[in-house]
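Inside the fold
These are the residues of each chain, in order.
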Amino acid sequence: MKMIRKTAVCLAAFLLLTLGLGGCQISQEPETRTVFAMDTVITLTAYGENAGKALDAAVQKLNDYDLLLDVDSGDIGAVNENAGEFVGVSEEVYKLLSDCVEFSRQTDGAFDLTVGRYINLWGFRSQTRVPSDEEIAEAAEFVGWEQIELADGKVKIPEGMQLDLGAVAKGFVAGKLKELLTEYGIESAILSLGGNVTTLGEKPDGSQFVVAIRDPNDPDAYLDTVNVSDTAVVTSGSYMRYFDVDGVRYHHIIDPETGKPADSGLVSVTVICTDDTAADAYATAFFVMGAEKTSEFLKDRPEINVIMVETNGEIIRVN
Ligand code: AMP
Ligand code: MG
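None of these values were measured; they are calculated from a predicted model. Note on numbering: residues in each chain are counted from 1, in written sequence order. Numbering of ligands from 1 and lettering of chains from A proceed in the order in which they are written. Whole-chain, interface and lining totals are the exception, using all residues; otherwise, since this is a predicted model, local features are given only for residues with pLDDT of at least 70 and side-chain atom pairs are given and counted only at 80 or more. Side-chain numbers come from the whole structure's heavy atoms, not from hydrogens or water.

**Details of the site of ligand 1**
Going by this rule: When we say a residue is near a molecule or strand, we mean one of its heavy atoms is within 4 Å of it. The term polar contact refers here to a pair of N or O atoms within 3.5 Å; inside protein, the definition further demands a hydrogen-donor-capable atom paired with an acceptor-capable atom, and it admits residues adjacent in sequence only when both atoms are side-chain atoms. In this description, accessible areas are obtained by the Shrake-Rupley approach with a 1.4 Å probe, and a residue is regarded as covered only by the protein chains that are shown. The residue classification treats Ala, Val, Leu, Ile, Met, Phe, Trp, Tyr, Cys and Pro as nonpolar and Asp, Glu, Lys and Arg as charged. All others, Gly included, are polar.
Lining the immediate surroundings of ligand 1 are 17 residues, of which A110, S236, H252, I254 and T284 lie closest. Here a nitrogen atom of ligand 1 sits 3.0 Å away from a polar atom, N or O, in the main chain of D112. Between ligand 1 and D280 there is a distance of 3.0 Å, counted from an oxygen atom to a side-chain nitrogen or oxygen. The protein chains hide 94% of the 500 Å² of surface that ligand 1 would expose on its own. Here the shell around ligand 1 is composed, by residue class, of nine nonpolar, four polar and four charged.

Dropping the structure here:
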């Protein structure tokens, strides 16, 4: 594990900025689409002859996935609505849910797709409020990834449980959009979905994409840049969604052990790896696990690079 000092540099207020720092002239002008979906601003940028057409198809697909993965609609909504029964889902949602169960297992439940009841309780999808300990204890009965049953393309959760794919949906969709762009012949693209940035290929001039990682303590600054191609850069942070009551900040990443906002000493975690869905799930899980457990977890996973920022501003890099 390597410690470095924070070098914050002021910049315009974007969560993750993509910078054109390549040394050579870019050979083609990119096409861009900016839309609001999945509860965030999404910017899709692609290079190449077919880029406009490909991006229009990607926006359409993005909206479809938004509905498919929402807690109240599509496949996930149907599973939630029919808790207690086996519900048939599409092949790709079945695969995603199977992967999520595996992420939950690997991270010892730090990532848990069954936290829906907690999210409802804290009101992150409606009116935020601080629930009582009794309410949290009651909801805890209905949280626990081990209780999900997956068989023959069907999914069953116990009555009272609610799936919430908020921690992986953007990563999963980012990966799917890259696949779609590839089908359109696109070889170079960068997609930014809130805290998720992902890249397809490299820039047309052959240089890597440069992704800036926001300083969690200063919305106008970034603390580092990473050069990537065909790689996801996903950040989870307590600064992304929160509310304050009586001087206490309550954020949206819940520790499934306590039912309360995770208090692991981190303010943000950035995961850099080639698998978009995994990067998203891990960023959330590592935020819950904290620096020490995460470093241990990464010991035999050198392909996953992580940048963690602690509450005191210290930056910890692993791999
Ligand atoms: P992310 O921004 O990817 O870290 O995802 C945070 C979102 O995932 C929250 O807004 C919740 O919808 C959901 N969530 C919160 N805590 C967890 C957790 N421990 N495991 C899985 N999903 C979570
Ligand atoms: Mg996540």
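Resuming the write-up.
**Here we look at the nonpolar core**
Rules: Nonpolar cores were defined as sets of buried Ala, Val, Leu, Ile, Met, Phe, Trp, Tyr and Cys residues, with membership established by side-chain atoms within 4.5 Å. A simple rule labels every residue: compare its accessible area, found with a 1.4 Å probe on the protein chains alone, to the largest value its type can have, and call it buried under 20%, exposed over 50%, or partly exposed in between. Every helix listed is a DSSP run of H or I at least four residues long, and every strand listed is a run of E at least two residues long, numbered separately from the N terminus.
Judged by nonpolar contacts, the single largest core of 76 residues is most densely connected at L69, V271 and F286. At 13 residues, helix 7 (residues 276-298) tops the list of elements feeding residues into this core. Residues V197, F209, V226 and V228 belong to the second largest nonpolar core, which totals 15 residues.

**Focus: unusual backbone geometry**
For residues besides glycine, phi is generally negative; the peptide bonds are generally trans as well. One non-glycine residue, D39, lies in positive phi territory at about 70 degrees. Here D39 lies in the loop between strand 4 (31-37) and strand 5 (40-47). For D246, which is not a glycine, the phi torsion comes out positive at approximately 50 degrees. Within the secondary structure, D246 sits in the loop between strand 14 (242-245) and strand 15 (248-251).

**Brief notes about the pairing of strand 18 (residues 266-273)**
Remark: a regular strand shows side chains that alternate across the two faces of the sheet. To keep things clear, this is the line we draw: Any two strands are treated as partners once DSSP identifies two or more bridges connecting them.
Across the eight residues of strand 18, eight count as buried, placing the element largely inside the fold. Bridge analysis of strand 13 (residues 232-237) against strand 18 gives six bridges, and the strand direction is antiparallel. Within strand 18, the residue paired with V233 across the bridge is I272. With six bridges joining them, strand 18 and strand 19 (residues 305-310) adopt antiparallel strand pairing. By the bridge assignment, V271 is partnered in strand 19 with V306.

**Section: the sheet that holds strand 7 (residues 149-151)**
In plain terms, the rule: Contacts were defined at the residue level, with two residues in contact if any of their heavy atoms lie within 4.5 Å. Where helices are involved, their axes are fitted lines through C-alpha atoms of the stretch in contact, as for all axes, and angles between N-to-C directions lie from 0 to 180°.
A sheet is described by the order of its strands in space; here three strands give the open sequence 6-8-7, paired in antiparallel fashion. Two strands bound the open sheet, and with one partner strand each, they are strand 6 (87-88) and strand 7. Pairing of strand 7 with strand 8 (residues 154-156), which is carried by three bridges, proceeds in the antiparallel orientation. Along strand 8, the bridge assignment pairs E149 with K156. Lying over the sheet, helix 3 (residues 91-106) contacts strand 7 and strand 8, oriented at roughly 135 degrees with respect to strand 7.

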